[in-house]
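# Close look at the chain arrangement
Each chain, written out:
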Amino acid sequence: MIPRAQHLYLVEIPGVGVKVGVSASPLQRIAAHARDASAYGRSIARTWVSPEPQANALQNERIIKGASPREYLDRSFDECVAEAESLPSEPIEERDVRDSPVTKLLTGMFPAYGEWLDREAAK
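## Quick look at the overall build of the protein
Secondary structure assignment for the protein yields six helices and three strands. Helices and strands in the protein line up, N terminus first, as β-β-α-β-α-α-α-α-α. In the protein, which comprises 123 residues, the share counted as buried stands at 38%. Carbon and sulfur atoms provide 54% of the accessible area of the protein, an area that totals close to 7,300 Å².

## Overview of the pattern of salt bridges
Counted by the stated rule, this structure contains six salt bridges. Two residues, aspartate 78 and arginine 46, come together in a salt bridge whose shortest N-O distance is 2.9 Å. Of the two residues, aspartate 78 sits in helix H3 (residues 77-86) while arginine 46 sits in strand S3 (residues 46-49), which places them 32 residues apart along the sequence. Of the charged contacts in the structure, one is a salt bridge between glutamate 61 and lysine 65, with a shortest N-O distance of 3.2 Å. With a gap of four residues between them, glutamate 61 and lysine 65 both fall in helix H2 (residues 57-65), about one helical turn apart. By relative accessible area, which is 12% here, glutamate 61 ends up buried.

## Let's talk about H3
Among the residues making up H3, those that are buried are Phe77, Cys80, Val81 and Ala84. Angular distribution of buried residues about the axis of H3 spans 100°; they occupy a single face of the element.

## A word on the sheet that holds strand S2 (residues 17-23)
Ordered in space as S2-S1-S3, the three strands form an open sheet in which the pairing is antiparallel. Every interior strand has two partners, whereas the edge strands, S2 and S3, have only one. Averaged over all adjacent pairs, the angle separating strand axes in this sheet is 15°, with direction ignored. Across seven bridges, the pairing between strand S1 (residues 7-13) and S2 is antiparallel. Across the sheet, the residue bridging to histidine 7 is serine 23, located in S2. Each of S1, S2 and S3 touches helix H1 (residues 26-39); the most contacted strand, S1, lies at about 20° to it.

## Quick look at the nonpolar core
Of all hydrophobic cores here, the largest spans 14 residues; its most connected members are Leu8, Leu10, Trp48 and Ile64. When contributions to this core are tallied by element, the ones reaching two or more residues are S1, S2, H2 and H3. The greatest single-element share of this core, amounting to four residues, is contributed by H3. In this structure, isoleucine 64 is in contact with Leu8, Val20, Leu73, Arg75, Cys80, Glu83, Ala84 and Leu87, ignoring residues within four places of it in sequence. The next biggest cluster of nonpolar side chains, apart from the first, holds six residues, and it includes Tyr9, Ile30, Ala37 and Tyr72.

Procedures and definitions
- Residues numbered from 1 in each chain as written.
- Predicted model: local features only at pLDDT ≥ 70, side-chain atom pairs only at ≥ 80, totals over all residues.
- Heavy atoms only, no water.
- Helix = DSSP H or I, 4+ residues; strand = E, 2+ residues; numbered from the N terminus.
- Buried < 20%, exposed > 50% of the residue type's maximum accessible area, 1.4 Å probe, protein only.
- Areas by Shrake-Rupley, 256 points an atom, 1.4 Å probe, with all protein chains shown as cover.
- Salt bridge = Lys/Arg side-chain N within 4 Å of Asp/Glu carboxyl O.
- Arc of directions from axis to C-beta.
- Pairing = 2+ DSSP bridges.
- Axes fitted to C-alpha atoms, helices over the stretch in contact; angles between N-to-C directions.
- Contact = heavy atoms within 4.5 Å.
- Core = buried A, V, L, I, M, F, W, Y, C linked by side-chain atoms within 4.5 Å.

Structure follows, in structure tokens:
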């Protein structure tokens, strides 16, 4: 089975904690978190999204969450980012990367990015 292209993401909401999650559409998911936070008079302070989709995004999410039963972690955002960046990132096969909403957005905005992906795939 080919893994679904998903990004690992982190969202910091001051006074609440750090949300760690995975999504094929991280920008849309973060926007949803912003709407939810706003409904409670809160706002997002910082976000982090993995640069590329990860085949092991769900595993990395579980590692960062650890044994915490909470939706929002009581850890510093910087600590969570450092851990996320230190975890192994298993690449997605080329056809899955092309299906990523983030990749589609980037190639739509920057055609040269799509051309670069084509060159890399040809190597």
